[in-house]
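# Architecture and fold: a report
Below, each chain spelled out in residue letters.
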Amino acid sequence: MGLVSAACLAKLGHQVVCVDINEQRIATLMQGECPIHEKELPQLLKEQLESGHLLFTTNLLDAIEHATIQMITVGTPGLPDDQADLSQIFALTTQIAQHADRDMLVVIKSTVPVGTGHDIEKHMNDALLRTDKPHRIDVISNPEFLCEGNAIHDFLHADRIIIGGDLQRITPIIAVYQTLVDRGVPIQCMSRVSAELTKYAANAMLACKISFINQISQIADKIGANMDEVQAGMSSDHRIGSHFLQVGMGYGGSCFPKDVRALAKKAKVLQVDSCLLDAINNVNNLQKKWAIDRLLQHFKNQLQGLTIGIWGLAFKPGTDDIREASSIVVMNALLQYGTQLRVYDPVAMSNARLCLGDNHAITWCDSADDVLFDHVDALVIDTAWDLFKNYSLDRLREELGMAPIMDGCNCFDLSEIRQAGIGYYYSVGRPIEGVVAEL
Ligand code: UDX
């Protein structure tokens with residue numbers, strides 16, 4: 001989010017100084033290389049580096065001295081007790097306060113629990129008071145709603161820009177986005193605490209839709225309904241709409257899982273019953289076991305010694321991010337059951353290798369074909385990459401024979417599966433196709 005915001009702000013004509021404590025990453029960026037897989041980002045970075053609008057440094061003072069606005073985009077990962085870890089944000093704002101030599105505007109883009117803006121503003125101004133500095137720091141909330149894989153487009157064509165803070169102080173932040181506002185992007189100004197809550201509420205609402213439809217798919221599985229039909233029927237109601245009603249193996253990524261848990265935690269701290277937020281999370285955890293449950297059912301609980309192919313590791317297509325991906329849950333469980341794995345993802349292999357470590361039970365394959373090249377007893381599809389969706393079903397039938405496909409992304413039409421004569425095909429919330437249906 002930091003890198004995308006920086007590159008987009010540079011594109012809007014601003015001078016942007018990017019600071020990171022990771023020297024390796026800054027060195028990579030200075031050479032014009034993009035360290036993450038994100039559509040259009042490498043080109044935009046290159047352009048903005050060449051234009052001189054974008055600078056990279058590990059020296060925080062460069063940013064503090066040269067910038068009129070300090071934007072904070074550091075991570076706020078989940079702690080074991082579900083609270084957001086604010087150590088990075090407090091460490092950074094402490095340093096900004098130490099070096100502040102004038103009144104400053106600090107903009108928090110990181111997702112932070114409701115009330116954090118207030119705490120940080122107090123923390124920074126207390127530090128100024130202690131050192132007798134006559135300055136004042138205002139903290140503004142400006143949450144981001146970027147989706148990985150489409151982040152540049154989301155930034156430049158946002159549904160809305162939210163700015164939370166004292167109306168007298170936020171004018172310079174509104175000016176930052178003026179070009180987008182002129183192009184018709186609505187800007188919504190509100191209190192800082194409302195802006196903070198809006199971010200969590202938006203993420204929790206989208207996660208809620210996903211868990212809701214996944215729970216309905218569990219019912220569909222039991223009674224033989226087809227979620228393609230149910231979704232079409234539901235989506236036709238304009239009050240419901242069609243977005244975020246795609247069934248699957250649960251939501252992953254760096255935001256939904258941790259933000260829903262953090263909001264539930266905050267509710268509990270505030271003595272608000274968090275039963276709905278807890279349910280969103282619980283349904284998601286259950287859904288991540290979808291493929292395992294199907295494999296256990298298919299192989300009558302005997303998974304030991306089987307070889308399972310895995311297509312897709314990223315938490316969704318278009319990214320190399322594997323944080324909270326269902327693939328990791330599936331692979332860890334399968335390893336526990338004593339299976340061998342043959343895995344492939346077009347971009348997330350190195351992140352997955354880092355996460356899972358060297359394990360002789362995992363074969364890291366070179367392609368989707370390579371996964372099937374050696375015998376596999378079943379194929380699990382974990383990420384809906386086009387590469388998999390467009391894979392020849394004739395070829396799948398030839399390679400797999402009677403080995404089942406556990407399609408956690410509903411990549412294929414049931415009619416095409418039927419036509420291709422696939423042996424066993426399990427998908428989410430749709431009737432089982434193939435020989436097993438006739439048993
Ligand atoms: C999300 C929010 O959409 C974005 O606004 C916020 O800024 C960051 O978190 P992101 O994590 O990039 O963005 O991914 P998103 O496209 O929202 O998908 C999140 C997860 O939900 C993925 O695992 C995806 O596969 C899953 N999903 C999404 C579904 O299972 N069904 C759907 O219908 C949509």
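For every chain, the first residue of its written sequence is number 1, and the numbers climb from 1 along that sequence. Where local features are concerned, this predicted model is filtered to residues with pLDDT of at least 70; where side-chain atom pairs are given and counted, the filter is 80 or more; whole-chain, interface and lining totals use all residues. Processing note: side-chain calculations cover all non-hydrogen atoms of the structure and skip hydrogens and water entirely.

## Details of the pattern of salt bridges
- By definition here, a salt bridge exists when the distance from a side-chain nitrogen of Lys or Arg to a carboxyl oxygen of Asp or Glu is within 4 Å. Scanning the entire structure with this criterion turns up 19 salt bridges.
- A salt bridge links Asp-138 to Arg-136; the nearest nitrogen and oxygen atoms lie 2.7 Å apart.
- You can call Asp-138 buried: its relative accessible area is 6%.
- Exposure classes here rest on a 1.4 Å probe applied to the protein chains alone. A residue is buried below 20% of its type maximum, exposed above 50%, and partly exposed in between. With relative accessibility at 36%, the residue Arg-136 sits in the partly exposed group.

## With respect to the nonpolar core
- Nonpolar cores are built from buried Ala, Val, Leu, Ile, Met, Phe, Trp, Tyr and Cys residues. Side-chain atoms within 4.5 Å join them into one set. In this structure, Trp-311, Leu-313 and Leu-396 are the most contacted members of the largest nonpolar core, which totals 66 residues.
- The leading source of residues in this core is helix H14 (residues 290-298), at 5 residues.
- Among the nonpolar cores identified, the runner-up in size contains 35 residues, and Val-4, Ala-7, Leu-54 and Val-176 belong to it. Only DSSP runs of H or I reaching four residues or more are called helices, and only runs of E reaching two or more are called strands; each is numbered from the N terminus.

## A few points about the site of the ligand
- Definition of nearness: a residue and a molecule or strand are near each other if at least one heavy atom of the residue lies within 4 Å of the molecule or strand. Near the ligand lie 17 residues; those nearest to it are Leu-146, Glu-148, Gln-246, Gly-252 and Lys-316.
- Counted as a polar contact is a pair of N or O atoms within 3.5 Å, where, for protein atoms, one must be capable of donating a hydrogen and the other of accepting one, and residues adjacent in sequence contribute only when both atoms are in side chains. In the environment of the ligand, an oxygen atom lies 2.8 Å from a nitrogen or oxygen atom belonging to the backbone of Leu-146.
- Glu-148 is positioned such that a nitrogen or oxygen atom in its backbone is 2.6 Å from an oxygen atom of the ligand.
- Across the complex, the protein chains shield 87% of the 660 Å² of accessible surface that the ligand would expose by itself.
- Tallying contributions element by element places helix H10 (residues 192-223) first for the shell around the ligand, with 3 residues.
- The residue makeup of the shell around the ligand, split by class, is 10 nonpolar, 3 polar and 4 charged. With residues, only the protein chains shown are counted as cover, and all accessible areas are computed by Shrake-Rupley using a 1.4 Å probe. For this scheme, ten residues count as nonpolar: Ala, Val, Leu, Ile, Met, Phe, Trp, Tyr, Cys and Pro. Four count as charged, namely Asp, Glu, Lys and Arg, and the remainder, Gly too, count as polar.

## Side note on the sheet that holds strand E9 (residues 340-344)
- We treat two strands as partners when DSSP finds at least two bridges between them. Taken in spatial order, the 7 strands of this open sheet run E10-E9-E8-E11-E12-E13-E14, and their pairing is mixed. Each end of this open sheet is capped by a strand with a single partner; those strands are strand E10 (362-364) and strand E14 (433-434).
- Of the pairings in the sheet, the one linking E9 to E10 comprises 3 bridges and is parallel in character. The residue bridging Leu-341 from the neighbouring strand is Ile-362, located in E10.
- Contact criterion: two residues are considered in contact whenever any of their non-hydrogen atoms come within 4.5 Å of each other. The angle between two axes is taken between their N-to-C directions and runs from 0 to 180 degrees, where each axis is a line fitted to C-alpha atoms and a helix contributes only its stretch in contact. Running at roughly 155 degrees to E10, helix H16 (residues 349-356) makes contact with E9 and E10 of the sheet.

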